[in-house]
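The lines below spell out each chain.
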Amino acid sequence: MLTGIHVPLITPFDAAGAVAVDAVEKLGRHMLDEGASGLVALGTTGEVAALTPEERARVIEACARVCEERQAPLTVGVTGNDTRTTAAALRELPAGVSAALVTVPYFLRPGERGVVAHFEALAEESPVPLVIYHIPYRTGQAVGAATLRRLAAHPRIAGVKYATGGVDQDAIDLVGDVPEGFAVLGGDDAVISPLLALGAAGGILASAHLETRSFADLADAWRAGDAGDVARARDLGRRLARLSAALFAEPNPTVIKGVLHAQGLIPTPDVRLPLLPAAEETVSRALAALRA
Ligand SMILES: O=C(O)C1=N[C@H](C(=O)O)C[C@H](O)C1
C-alpha cells in the first residue's frame, strides 16, 4: 500500500529549453534521501501537458533509475478523458513503474456511473495498480465517498489522491472508514495536516520538494499519534501549511521551480507556456517562508 509522502517531481529545463534529465535524477535522489516514500513522474507539477511523448519517456526512465537504486515506488501520471486511449497509455507503461495515477475523466463530466465504468475498464487492462486522481476543481466531475468505496473494492485500484480543495464531508466519510488495502493520499498541500490527522495514509504533494524531511515527519507523527507526536504534528502542520500557501501563490509549479533554482538544485526556473515564471517577489516570499 502507498503510504507516506510522495513527491510529484517538477520537470527541470536547461538553458536551451530541453528537459534536464541529469537534474531530474539529482532531484529525485535528493527527495528520497530526504525522507520521501516515493516519486511521482508526469503529474500536473511535472508540466506533463507541455512535454512531448519522447520527453515523457525520458522523464519516466530517469525516475525509474532513481527509484530502482533507492528501492522506492514510482507512480506515473496518466491523464485522459477517453477510456480507450487512457487504457492504451497504461498498457505502454515501461517496467519499473509501481502504480499509475489516473485522473478522473475531465471536461466530459460522464457522471459517477461513467467514472466507475471508466476505472473498472482501466483496472482490467492496466499492468500496474491504479491510484484515482480526484480533483473536481480541475476535472469538473464530482465523485462521492460511496463511489470511491465502490472503486476501492476492485483489487487493482490501490488508492485515491484526494484533492477537492479542502477537508469535505466525503473526505471525512471515506477516511473515517477506509476500505482494506486502499490508500487515501492527500493532494491539497495546505490541508494535508488535517487529512493526515483524520487517518489518511500520506500525500502526493508538490510542496514536499522543499522541507521534504518535515513533510515526512508530519506524516509519521500523525500516524504514530501519541500525545507528544500529536503536539509536534500540529505545530509542523501549521508551519508547512504557511509554506504551501507561499509556494502556491502563483500557478504550480512556477514558484517551486523558482525556489529550487535559487537553491541551486535545478539549472533554470523555466516553465513552458501557457505557464509563466513566477514573479521575483513571490519567489522571495516563498524563500522567506522556508527560512521561517
Ligand atoms: O502534480 C501533482 O501531483 C500535484 N499537483 C497539484 C496541482 O498542481 O494542483 C498539487 C499537488 O501538490 C500535487
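Residues numbered from 1 in each chain as written. Predicted model: local features only at pLDDT ≥ 70, side-chain atom pairs only at ≥ 80, totals over all residues.

We now examine the overall build of the protein chain. The helix and strand inventory of the protein chain stands at twelve helices and eight strands. A principal-axis box enclosing the C-alpha atoms of the protein chain has dimensions of 50 × 45 × 35 Å. Considering the protein chain as a whole, with its 292 residues, one finds that 49% of them fall into the buried category. Partitioning the intrachain contacts of the protein chain with sequence separation of at least 6 by distance along the chain shows that 72% fall at a separation of at least 24. (Helix = DSSP H or I, 4+ residues; strand = E, 2+ residues; numbered from the N terminus. Buried ≥ 20, exposed ≤ 12 C-beta atoms within 10 Å, placed from the backbone. Contact = placed C-beta atoms within 7 Å.)

In the vicinity of the ligand, the contacting residues are Pro-8, Val-40, Gly-43, Thr-44, Thr-45, Gly-187, Asp-189, Ile-204, Leu-205, Ala-206 and Asn-252. The residue inventory of the shell around the ligand, partitioned by class, reads five nonpolar, five polar and one charged. (Near = placed C-beta within 6 Å. Nonpolar A, V, L, I, M, F, W, Y, C, P; charged D, E, K, R; others polar.)

What follows is about the UniProt feature "binding site: pyruvate" (unreviewed entry) in the protein chain. Here, the residues flagged by UniProt with the feature "binding site: pyruvate" (unreviewed entry) are Thr-45 and Ile-204. Across 160 residues, the annotated set stays spatially compact, with a maximum C-alpha separation of 10.5 Å. Locating Thr-45 in the fold gives a position in the loop between β2 (38–41) and α2 (53–70). Non-local contacts of Thr-45, meaning those with residues more than four positions away in its chain, are made with Pro-8, Ile-10, Ala-206, Asn-252 and Pro-253. (UniProt positions renumbered as here; feature names shortened; annotations may be inferred.)

As a packed pair, helix α1 (residues 21–33) and α2 sit with axes 9 Å apart at the nearest point and diverge in direction by 35°. Both α1 and α2 take part in a crossing whose hand is right-handed. Contact residues: α1 offers Val-21, Val-24, Glu-25, Gly-28, Arg-29 and Leu-32, while α2 offers Arg-58, Val-59, Ala-62, Cys-63, Arg-65, Val-66 and Arg-70. Considered class by class, the residues forming the contact of α1 with α2 number seven nonpolar, one polar and five charged. (Axes fitted to C-alpha atoms, helices over the stretch in contact; angles between N-to-C directions. Left-handed = near helix turned anticlockwise from the far one by under 90°.)

Turning our attention to the UniProt feature "active site" (unreviewed entry) in the protein chain. In the UniProt entry, the feature "active site" (unreviewed entry) is given for Tyr-133 and Lys-161. In summary, the annotated positions, though distributed over 29 residues, converge in three dimensions, the widest C-alpha pair being only 4.8 Å. Structurally, the position occupied by Tyr-133 is in strand β5 (residues 130–134). Once you skip the residues sitting within four places of it in the chain, Tyr-133 turns out to touch Leu-101, Val-102, Thr-103, Val-104 and Lys-161. Looking at the element boundaries, Lys-161 is found in strand β6 (residues 157–162). A count of 29 C-beta atoms within 10 Å places Lys-161 in the buried class. With residues near it in sequence (within four places) discarded, Lys-161 still touches Leu-101, Val-131, Tyr-133, His-134, Leu-185, Gly-187 and Ile-204.

A separate point is the sheet that holds strand β7 (residues 183–186). Reading around the barrel, the eight strands line up as β1-β2-β3-β4-β5-β6-β7-β8 and close back on themselves, with parallel pairing between neighbours. Taking each pair of neighbouring strands and ignoring which way they run, the sheet shows an average axis angle of 25°. Where strand β4 (residues 99–103) and β5 come together, four bridges link them in parallel fashion. Among the inter-strand pairings, Val-102 is bridged to a residue of β5, identified as Ile-132. Those strands touched by helix α9 (residues 212–224) are β1 (4–8) and β8 (202–204), and its axis lies near 145° from that of β1. (Pairing = 2+ DSSP bridges.)

Among the nonpolar cores identified, the biggest contains 95 residues, and Leu-39, Ala-41, Cys-63, Leu-130, Val-131 and Ile-132 are the most heavily contacted of them. Sort the elements by how many residues they give to this core and α2 lands first, with seven residues. When sequence neighbours within four positions are dropped, the list of residues in contact with Cys-63 reads Leu-9, Val-24, Gly-28, Leu-39, Ala-41 and Leu-74. (Core = buried A, V, L, I, M, F, W, Y, C linked by C-beta atoms within 7 Å.)

Mapped onto the secondary structure, Leu-93 falls in the loop between α3 (83–91) and β4. Expressed as a C-alpha distance, the spacing of Leu-93 and Leu-42, which sit 51 residues apart in the sequence, is 12 Å. Among residues more than four places away in sequence, those in contact with Leu-93 are Val-76, Ala-100, Pro-127 and Val-128.

Let's shift gears to α3. Within α3, burial applies to Thr-86, Ala-87 and Leu-90. Along the axis of α3, the buried positions cluster into a sector of 100°, meaning they face one direction only. Facing away from the buried surface of α3 by more than 90 degrees, the exposed residues are Arg-84, Thr-85, Ala-88 and Arg-91. The secondary structure elements touched by the buried residues of α3 are β3 (74–78), β4 and α4 (111–125). (Arc of directions from axis to C-beta.)

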